[in-house]
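# Structure assessment
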Amino acid sequence: MTATAADRADGPAADRAGGPPPASLLDRLADAVGATASEPAVRVSGRVTDIRPSAFAVAGLSRFVRLGERVGCPVDGRMVAGEVVRIDAGTAVVKPYDTDVEIGIGSVVERLGPLALHPDPSWKGRLIDVFARPIDGDGPLAAGSVGRPLRAAPPPAVHRDRVDQPVRTGVRVIDLFTPICAGQRIGVFAGSGVGKTTLLSMLAAAAEFDTIVVALVGERGREVREFVEEALSRHRDRSVAVVSTADESPMRRRLAPVTAMAIAEYFRDRGEKVLLILDSATRFAHAARDVALAAGEPPVSRGYPPSVFTELPMLLERAGPGAKGAGSITAVISVLVDGDDHNDPIADAIRGILDGHIVLERSIAEAGRYPAVDVLKSISRLSHKARSPDELKLAGRLRGLVSRYEDTRDLRMMGGYTPGADTDLDQAVALVPKIYEALIQGPADPVSQDAYRELAAALT
């Protein structure tokens, strides 16, 4: 009341003096509100009520957060961030991105903004972590002008471009038996130690792509530099590598392919032909399983909760051709087959999503034939668009010879084969060993320029 009365008394006098009228209480309140207009009007926070080995529970946020939302807890001047993986009536379960969580009961947890990237063409040649922070020691990354969410929907199916442009990989066994097209998604299925990563490094040398995006998920630490400095050495200036090693938390390993996919989508939307190499989807599934189990999901298929089989197509469907006029993402997905069981739930689910599969067999690797591709079990669902009619006929004939040779292996070892009794078998016995010899190729060997011509030269 005193201030209001003073305002009424001083107002006319100030007007008579010719000066500006003094600010009223409402004006001062408006100024104070305007000074903080850029800040959120209400900041919602909660407190930690329960801490578990891999997650912690927060009270007070359940009504304000959504699944997948990012929250953080300030600890010693840094923010311990995590993701909401479960919401109950009174608490929200948060799984942190880091393993060394230094929080206590009663710690304050705040809502954070969504994760987003700001890719830029200058990112080519860089090595980054799952949050797009440089780990190669070459200075900070330039930020693009437009942010992109990490989790985005694939282009609408009816607006996507067709997949019909062949791509030469330079690997003879693939160009002959499982040729691929730009925008195709193909998997490399293999057990451990069969040459899966080596084959991926050979595919990274394909010259027909503008940009190469590599996601190393759960990789051994010592292999990161080897892959980058050897497999990408000649193509470092057009590649981006996203790394999450085996010692990092499941949340980071689960995020690595998502970050790589968002970067690949950025370059695709610029009209570029992108090669996305994901090594491996199985480790992504393992990380997603850990997160789902921490959220309380029941295991339904060999220990995998249902959400794992939902996340796989959500990630892999984002690869492929873009809308008309845009570029394409050709995805080569590595699948680590647990126990060499190709009917493993993850391998089976991924095989049904992709446009083809390349199977590496341990017995072929033990025989010293690399890449250890089993041409009878490998298939490309778009091979008819990557070959001419004559090449289709020849490839079918070669596959038939290999099949006849392998089917009669036991018979021939027991001495039951008589030359001249079966013309087709005679031809298989004469040619298939030469075909196998021609398919041997290593990372240090020259890149194949014309697989059919090179095979013809080897057979003659």
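Now for a quick tour of the structure. Not measured: the values here are computed from a predicted model.

For soluble globular proteins, the rule of thumb is that nonpolar side chains tend to be buried together. By size, the foremost hydrophobic cluster in this structure holds 55 residues, and its most contacted members are Ile128, Ile263, Ile333 and Ile350. The residues contacting Ile263, other than those within four sequence positions of it, are Leu117, Trp123, Ile128, Val213, Val240 and Val242. The next biggest cluster of nonpolar side chains, apart from the first, holds 54 residues, and it includes Val167, Val228, Val375 and Leu455.

Cis geometry marks the peptide bond from Asp279 to Ser280, where omega comes out at 5°. Positionally, Ser280 belongs in the loop between β15 (273–279) and α7 (281–294). In this structure, Pro371 follows Tyr370 across a cis peptide bond, with omega equal to -5°. Following the sequence through the fold, Pro371 ends up in the loop between α10 (362–366) and β19 (379–380). The phi dihedral of Arg302 is positive, around 50°, even though this residue is not glycine. Here Arg302 lies in the loop between α7 and α8 (306–316).

On to the pairing of strand β3 (residues 70–75). Bridge analysis of β3 against strand β4 (residues 78–87) gives six bridges, and the strand direction is antiparallel. Its bridge partner lying in β4, Cys73 is registered against Val80. In this structure, the hairpin formed by β3 and β4 is closed by a connection of two residues, where Asp76 is found at a positive phi of approximately 50°. Examined bridge by bridge, β3 and strand β6 (residues 108–111) share two bridges and lie antiparallel to one another. Bridging across to β6, Val71 finds its partner in Arg111.

Parameters and conventions
Residues numbered from 1 in each chain as written. Predicted model: local features only at pLDDT ≥ 70, side-chain atom pairs only at ≥ 80, totals over all residues. Heavy atoms only, no water. Core = buried A, V, L, I, M, F, W, Y, C linked by side-chain atoms within 4.5 Å. Buried < 20%, exposed > 50% of the residue type's maximum accessible area, 1.4 Å probe, protein only. Contact = heavy atoms within 4.5 Å. Helix = DSSP H or I, 4+ residues; strand = E, 2+ residues; numbered from the N terminus. Pairing = 2+ DSSP bridges.

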